[in-house]
Structures are given as structure tokens and as C-alpha cells.
Amino acid sequence: MTVRVGVIGAGWIGKEHIQRLTHAVTGARVTAVTDIDAARAEEAAAPVGARVLPDGAAVIAADDVDAVLVTSWGPTHAEHVLAAVAAGKPVFCEKPLATTAEDCLRIVEAEQAHGRRLVQVGFMRRYDSGYRQLKQVLGSGRIGEPLIVHCAHRNPSVPESYTSAMAALDTAVHEVDVLRWLLDDEIVSTQVVTPRSTGKRFAHLKDPQIMLFETAKGVRIDLEVFVNCQYGYDIQCEVVAEEGLVRLPDPATVGVRTAARHETEVLTDWVGRFREAFDTEFREWIASLAAGAAPTGPSAWDGYAATVITAATVEALESGRVVATDLKPRPAFYGGAA
Ligand SMILES: NC(=O)c1ccc[n+]([C@@H]2O[C@H](COP(=O)([O-])OP(=O)(O)OC[C@H]3O[C@@H](n4cnc5c(N)ncnc54)[C@H](O)[C@@H]3O)[C@@H](O)[C@H]2O)c1
Ligand SMILES: O[C@H]1[C@H](O)[C@@H](O)[C@H](O)[C@@H](O)[C@H]1O
């Protein structure tokens, strides 16, 4: 069975995912595309033989759309996801699920009222082979219980429109999700320490930031977010446990030895670093839909948790205080694990 996908938002990542669904995933076809910029929609739709529809509502209602992909701007996500759930269609929403906790809860409630999972959120790190190996080691019990996690999330640079709050909302949101999943634990408090800011970019920006999270089981996480590090796109994660530690591998690149030096490449963007993870994410999503099963990836509840925890982190940055995340109790509908 071919899953026919309708796409809402044909910008940067929308175009990437349209290409991915067409060329890297079997069993999927993009049949409809919309964007508030019609020329952009046309540019993304034409090469894959999809038609352009006037808006998100038309995509969701279309007879030749079995599942919906939301890749528009964050503040518009909730409207499209709620409409897809109301129509009973599976929906994959790029992060964030919604920009407010209230909207996330609306989605969570609508999905529960529908009675079956329809929503998956685009946290692709859960599909990265390195993170999956980390989870396998932690789950095997070989190194005992996790105690401390050291992480770094570095981008070479960001545009001037990037704000200090985006370090949590746009960037650290990936660690928030992947660490909840990796540790099978919940983040209960957050704090932000601001070292001297880099002089290499904008005066308005607090960059780098050190985020300190505490989990329900007492694990401490330190996360350096440095979005103008200049040298490359660099994702680090090391879990220190009772009987050992496990570290996220760097992507494999050839080592070059020349002129008395040994060099390996550092990637420069998230597109290259997580390409395979994105491919796997969409292959597994489409496979679950083709099998008539509910999606197994990050849920609407995970989307809610990430929005609440990152909002609390912005509050921590602005107040200088430790902020409790105060998540609502997890509904049984979403299972036991984080
Ligand atoms: N998983 C990841 O690592 C990752 C990476 C980049 C972006 N994202 C997320 O993907 C989303 C899109 O990011 P982007 O970088 O592609 O942005 P973008 O600005 O390049 O594209 C967004 C597109 O959505 C369109 N749009 C906005 N509102 C719309 C609406 N109501 N209906 C139809 N189209 C609408 C815009 O015209 C634009 O073309 C964001 O939520 C972002 O956080 C995720
Ligand atoms: O939207 C992007 C994307 O989510 C990347 O994975 C992250 O590294 C960037 O910091 C963020 O701005």
C-alpha cells in the first residue's frame, strides 16, 4: 500500500522531507502541497508530481491524502495538527508540536478523545544510530544506572533573527526530547548559567549558555548550547553511570594524515549530521502507517513535555533561578516510558 502524504509548509525542511519521502522512503508518495507562499509550494510540488492546494484545511480534507506532514512555522502547527486529528488522519508534525503548553494539551486531549494515536512529532535524534546504540547500552544494564550526562549542542553560526530564548526553544529542545527517551526519565527542573558571551556574533545574544537539568530519578544533566561556535556542527553526549560511561560517537569520516598532522572532518550543519536519522524516522513512520498501526515515534505527550520544559528553561534564563517544570501527570494513553 502506498501512503499518500499531504504537506503543509514548503520551506527549508518541508522541501527536504518532500524529497526524502519521494526518493529515500518506499511506500510513500507526496500528492498535495500547500504554502502561504504559492510559488514556494509550486517549486516543491512540481518535481514530485504533487498538486498545489490553497491551504492546510484543503490538504487535510483531500481524498488523495492519507497522512499529513506539518512543516510550516511553529506557531501554526497546533491549528493544522488539531484539524488533522479532527479528520482522523495521521499527522507528522515537525518540532515544536505547538508553541504553548495549552495548545499541546489541546492536541493531547483531542487525540485521546479520538481513541488512537495519530500524532508523531519530528524529534529525529531518536532515530540516529549513535543515540540508538547509547540507549541499547543503557538498557542492557552493563554500566549500571546513569548518574550524570554531559552534552554539547554547537552550531557554527545563526542568523541575526535568532534570540537568546531560541537556545532552549529551537536548539536544546532536541536534547530535552532525546534525553527523556534515552534515560526513560522526566526532567523536573531547569536552570541556565550564562558564561561570557562570544564576541564573534550579535551583542543581543547570550551565547553560549549552560543549561542544567535535573531528572525525577536525580540524574544531573549539563548541556552547553553554543550556536556561534564557528568551527562546525558538533553534537556531544556522554552518560556517566555507576560502572562505566557511554559516549555518542562522532559521525564516521576518513582520517587524513599529512604534513605531520592527523585530521578528521567536522560537519557543518544538522542536515548532514542527521540525514540518516531523518530517513529512518520517515521510513519507520510510513511503515507503521502502511501496516495500519499507530505511529511509534515521539508522541503528542513528548511534544507537550518538550514545550513545557523548554519554556521553563527560558524562564530560568530570564530569572536566573532554578525553575520546576511542573508537567501534568502522564496519561495512561501514552504508556509508561518518557
Ligand atoms: N527537526 C529539525 O531538526 C528541524 C530543523 C529545521 C526546522 N525544523 C522545524 O520545521 C519547521 C519549519 O522550519 P523551516 O526551517 O523549514 O522554516 P521555513 O521558514 O524555511 O519554512 C516554513 C514554511 O512554512 C510556510 N508557512 C508558514 N505558515 C504556513 C501556513 N499556515 N500554511 C502553509 N504554509 C505556511 C512558510 O511560508 C514557509 O515556506 C519549524 O517548526 C522548525 O522548528 C526542524
Ligand atoms: O532548527 C534548528 C535545528 O533544529 C537544528 O537541529 C539545531 O541544531 C539548530 O540549533 C536549530 O536552530
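All figures in this text were calculated on a predicted structure; none of them were measured in a lab. (Residues numbered from 1 in each chain as written. Chains lettered and ligands numbered in written order. Predicted model: local features only at pLDDT ≥ 70, side-chain atom pairs only at ≥ 80, totals over all residues.)

A closer look at the UniProt feature "domain: Gfo/Idh/MocA-like oxidoreductase N-terminal" (unreviewed entry) in the protein chain
At step 1: In this structure's numbering, the residues bearing the UniProt feature "domain: Gfo/Idh/MocA-like oxidoreductase N-terminal" (unreviewed entry) are residues 3–123.
At step 2: Secondary structure over residues 3–123 splits into 41% helix and 22% strand, and the C-alpha atoms at its two ends are 21 Å apart. (UniProt positions renumbered as here; feature names shortened; annotations may be inferred. Helix = DSSP H or I, 4+ residues; strand = E, 2+ residues; numbered from the N terminus.)

Here we look at the domain arrangement of the protein chain
At step 1: For the protein chain, the domain assignment lists domain 1 (3–125 + 276–299) and domain 2 (129–269 + 304–334).
At step 2: In this structure, domain 1 and domain 2 have C-alpha centres spaced 26 Å apart.
At step 3: With 15 residues of domain 1 at the contact, the number on the domain 2 side is 14 residues.
At step 4: Looking at the side of domain 1 that touches domain 2 element by element, the count peaks at 5 residues for helix α5 (residues 101–114).
At step 5: Each residue belonging to the side of domain 1 that touches domain 2 can be placed in one class, and the counts come to 9 nonpolar, 3 polar and 3 charged. (Domains from an automatic or database assignment. Contact = placed C-beta atoms within 7 Å. Nonpolar A, V, L, I, M, F, W, Y, C, P; charged D, E, K, R; others polar.)

Digging into the sheet that holds strand β5 (residues 91–94)
At step 1: Spatially, β3-β2-β1-β4-β5-β6 is the arrangement adopted by the 6 strands of the open sheet, whose pairing is parallel. Looking at the sheet topology across the chains shown, the edges are occupied by β3 (51–52) and β6 (119–122). (Pairing = 2+ DSSP bridges.)

Describing the UniProt feature "domain: Gfo/Idh/MocA-like oxidoreductase C-terminal" (unreviewed entry) in the protein chain
At step 1: Under the present numbering, the feature "domain: Gfo/Idh/MocA-like oxidoreductase C-terminal" (unreviewed entry) in UniProt falls on residues 135–324.
At step 2: As a span, residues 135–324 carries 34% helix and 27% strand, and end to end its C-alpha atoms are 26 Å apart.

Topic: the pairing of strand β12 (residues 244–247)
At step 1: Where strand β11 (residues 234–241) meets β12, 4 bridges bridge the pair, whose relative direction is antiparallel. Residue pairing in the sheet places valine 240 in a bridge with leucine 245 of β12.
At step 2: Connecting β11 to the next strand, β12, in antiparallel fashion are 2 residues.

Things to note about helix α9 (residues 275–290)
At step 1: In this model, α9 (16 residues) spans 22 Å end to end at C-alpha, consistent with the 22 Å of a helix rising 1.5 Å per residue.
At step 2: Considered for burial, the residues of α9 that qualify are Ala277, Phe278, Glu281, Phe282, Trp285, Ile286 and Leu289. End-on, the buried residues of α9 take up no more than an arc of 160°, which puts them together on one face.
At step 3: Where α9 is buried, its residues meet β1 (3–8), α1 (12–23), β2 (28–34), β4 (67–70), β5 and β6. (Expected span 1.5 Å × (residues − 1). Buried ≥ 20, exposed ≤ 12 C-beta atoms within 10 Å, placed from the backbone. Arc of directions from axis to C-beta.)

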